[in-house]
Amino acid sequence: KEDTAYITYREGESLGLNPFQIIPSLDLDDKGNVTTDKIQDITDFVGVHYKRMDSLNDLEMASIRKIVELYYTFFNQKDFIHSFHHFIKFVEQHHKKFYVELEIEDSFLPSKEFIFLLKEFGESGVYGNLYSNADNAILDELDKKKIIIFELDKIKGNQLLLIVMLQLIGSTIQKVVWSDKTTRGRVWFDEVAEVLQWGGMLRRLQWYYQAIRKQEGAITIILQSVAQFPNNELSSSIIDNTKILYVLTSDNYKPIQDRFNLSQHAFYQMSSLQSDFNSKRKYSEIFIRRGKKT
């Protein structure tokens, strides 16, 4: 238990996470300034809450980054408790002034639309509870854990909450897995078949697959059937970046052969898999392809 963190969402409760809060050992440079990585992380975080299912364009990204930089510059007092609620209030109260100072045109980032959508996550918003009373106690302890579990089952039908949690997972991976170069981090996605049908989830997974290789990490998706993988460019990119394929016994191996472009020999190997859980010596055979070798 002491080595594991379990994070889930319960209706009406706070996530207990505060991505805005500064962790000095991770988020400040040698001069005590907020790092560019932290600024970009929060820019992405705010962007997800603003654009929801879509990606930020270059003008929106640059505008939000300028606002985030100003926020941390303006509130740079030692031990100040930064938070999403506080950031939203800051934007609502001062946007007219800093839009001029930062040379942000309303055509770059429509201020009324930006504030209106963010306020759903403010103190009195419909999702205000998500970031209430978030003292970052969980995030502060995550780097001490060997296993971190994000349980998304309760929100798999809510795409907005799902993408918020995926953003938090991404922040956690960056802080815990990528910041520690001495340990090889492993990321597992299990029971995600239903949400894979949504393009936003696939785009996130594709990004994880491409980025984690540069960090000497490993990522795995567990599926009951290859048919749970939508047949599109995003899935194809993930398959192309899959270096090891594990296959357990199944009734039909032809879809696997087709999707992963396996040889006929590999198909015969999979077809010969056997399992026996009733005899005295129980066993289960597995097919493994590493690179082009089976």
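Residues numbered from 1 in each chain as written. Predicted model: local features only at pLDDT ≥ 70, side-chain atom pairs only at ≥ 80, totals over all residues. Heavy atoms only, no water.

Things to note about the overall build of the protein chain
Right, so step 1: In terms of helices and strands, the protein chain carries eleven helices and eight strands.
Right, so step 2: Put simply, the protein chain has 294 residues, and 44% of those count as buried.
Right, so step 3: Restricting to contacts in the protein chain with at least 6 residues of sequence separation, those with at least 24 account for 66%.
Right, so step 4: Element-wise, carbon and sulfur atoms account for 49% of the exposed surface of the protein chain, whose accessible area totals about 17400 Å².
Right, so step 5: Seen as two clouds, the 37 positive and the 40 negative side-chain charges of the protein chain have centres 6 Å apart. (Helix = DSSP H or I, 4+ residues; strand = E, 2+ residues; numbered from the N terminus. Buried < 20%, exposed > 50% of the residue type's maximum accessible area, 1.4 Å probe, protein only. Contact = heavy atoms within 4.5 Å. Areas by Shrake-Rupley, 256 points an atom, 1.4 Å probe, with all protein chains shown as cover. Lys, Arg positive; Asp, Glu negative; His and termini not counted. Charge placed at Lys NZ, Arg CZ, Asp CG, Glu CD.)

Remarks on the nonpolar core
Right, so step 1: Grouped together as the largest cluster of nonpolar side chains are 84 residues, with contacts concentrated most on Val46, Ile67, Phe84, Phe87 and Phe114.
Right, so step 2: Here this core takes twelve residues from helix H7 (residues 159–178), the largest share from any one element.
Right, so step 3: Setting aside chain neighbours within four positions, we find Ile67 in contact with Phe87, Phe90, Val91, Phe98, Tyr99, Leu102, Ile104, Leu109 and Phe114. (Core = buried A, V, L, I, M, F, W, Y, C linked by side-chain atoms within 4.5 Å.)

Points about the pattern of salt bridges
Right, so step 1: What the rule picks out here adds up to six salt bridges.
Right, so step 2: For the salt bridge of Lys89 with Glu123, the shortest nitrogen-to-oxygen distance reads 3.3 Å. Of this pair, Lys89 sits in helix H4 (residues 84–101) while Glu123 sits in the loop between helix H5 (111–118) and helix H6 (137–142), and the two are 34 residues apart along the sequence.
Right, so step 3: Under the relative-accessibility criterion, Lys89 is labelled partly exposed at 38%.
Right, so step 4: Judged by its relative accessible area of 56%, Glu123 is exposed.
Right, so step 5: Salt-bridge contacts for Asp258 lead to Lys254; the nearest nitrogen and oxygen are separated by 2.8 Å. (Salt bridge = Lys/Arg side-chain N within 4 Å of Asp/Glu carboxyl O.)

Topic: the environment of Ile288
Right, so step 1: Structurally, the position occupied by Ile288 is in strand E8 (residues 287–290).
Right, so step 2: Take Ile288: its relative accessible area is 39%, and that puts it in the partly exposed class.
Right, so step 3: Taking the C-alpha atoms as reference points, Ile288 and Thr73, 215 residues apart in sequence, are found 52 Å from one another.
Right, so step 4: The contact partners of Ile288, leaving out residues within four places of it in the chain, are Ile244, Leu245, Tyr246, Lys293 and Thr294.

Brief notes about a nonpolar patch on the surface
Right, so step 1: On the surface, a nonpolar cluster with roughly 460 Å² of combined accessible area is contributed by Ile244, Tyr246, Leu248, Ile286 and Ile288.
Right, so step 2: Note that Ile286 resides in the loop between strand E7 (283–284) and E8. (Patch = residues over 30% accessible without salt bridge, like charges linked within 9 Å, V, L, I, M, F, W, Y side chains within 5 Å.)

Observations regarding the pairing of strand E3 (residues 186–189)
Right, so step 1: Every second residue of E3 is oriented toward a common face, the buried set being Val187 and Phe189 and the non-buried set Arg186 and Trp188.
Right, so step 2: Pairing of E3 with strand E4 (residues 218–221) involves four bridges; the strand directions are parallel. Each residue of the ladder has a partner; that of Val187, found in E4, is Ile219. (Pairing = 2+ DSSP bridges.)

Re the packing of helix H3 (residues 58–74) against H4
Right, so step 1: Interaxial distance between H3 and H4 falls to 11 Å at its minimum, and their mutual angle equals 105°. Between H3 and H4, the angle is such that the two are roughly perpendicular. In this structure, H3 uses Ile67, Val68, Leu70, Tyr71 and Phe74 to contact H4, whose residues at the interface are His86, Phe87, Phe90, Val91, Phe98 and Tyr99.
Right, so step 2: Classifying every residue of the contact of H3 with H4 by side-chain character gives ten nonpolar, one polar and no charged. (Axes fitted to C-alpha atoms, helices over the stretch in contact; angles between N-to-C directions. Parallel < 35°, antiparallel > 145°, perpendicular 65-115°, else oblique. Nonpolar A, V, L, I, M, F, W, Y, C, P; charged D, E, K, R; others polar.)

Comments concerning H3
Right, so step 1: For H3, spanning 17 residues, the distance from its first C-alpha to its last is 24 Å, which sits close to the expected 24 Å at 1.5 Å a residue.
Right, so step 2: What H3 keeps buried is the set Glu60, Ser63, Ile64, Ile67, Val68, Leu70, Tyr71 and Tyr72.
Right, so step 3: Where H3 is buried, its residues meet helix H2 (36–51), H4 and H5.
Right, so step 4: N-cap assignment for H3: the residue whose side-chain oxygen lies 3.1 Å from the backbone N of Leu59 is Asn57. (Expected span 1.5 Å × (residues − 1). Polar contact = N/O pair within 3.5 Å; in protein donor to acceptor, adjacent residues only side chain to side chain.)

Re unusual backbone geometry
Right, so step 1: One non-glycine residue, Glu103, lies in the positive phi region at around 60°.
Right, so step 2: Taking relative accessible area as the criterion, Glu103 reaches 66% and is therefore assigned exposed.
Right, so step 3: A positive phi angle, near 50°, is found at Asn261, a position not held by glycine.
Right, so step 4: Inspection of the secondary structure puts Asn261 in the loop between helix H10 (254–259) and helix H11 (264–271).
Right, so step 5: The exposed category is assigned to Asn261, whose relative accessible area is 70%.

Some words on the packing of H4 against H5
Right, so step 1: Where H4 contacts H5, the axes come no closer than 10 Å and their chain directions differ by 170°. As summarised for this structure, H4 and H5 are arranged roughly antiparallel, according to the angle between their axes. Like other packed secondary-structure pairs, H4 and H5 cross with a definite hand, here left-handed. Facing Phe84, Phe87, Ile88, Val91, Glu92, His95 and Tyr99 of H4, the residues of H5 in contact are Ser111, Phe114, Ile115 and Leu118. (Left-handed = near helix turned anticlockwise from the far one by under 90°.)

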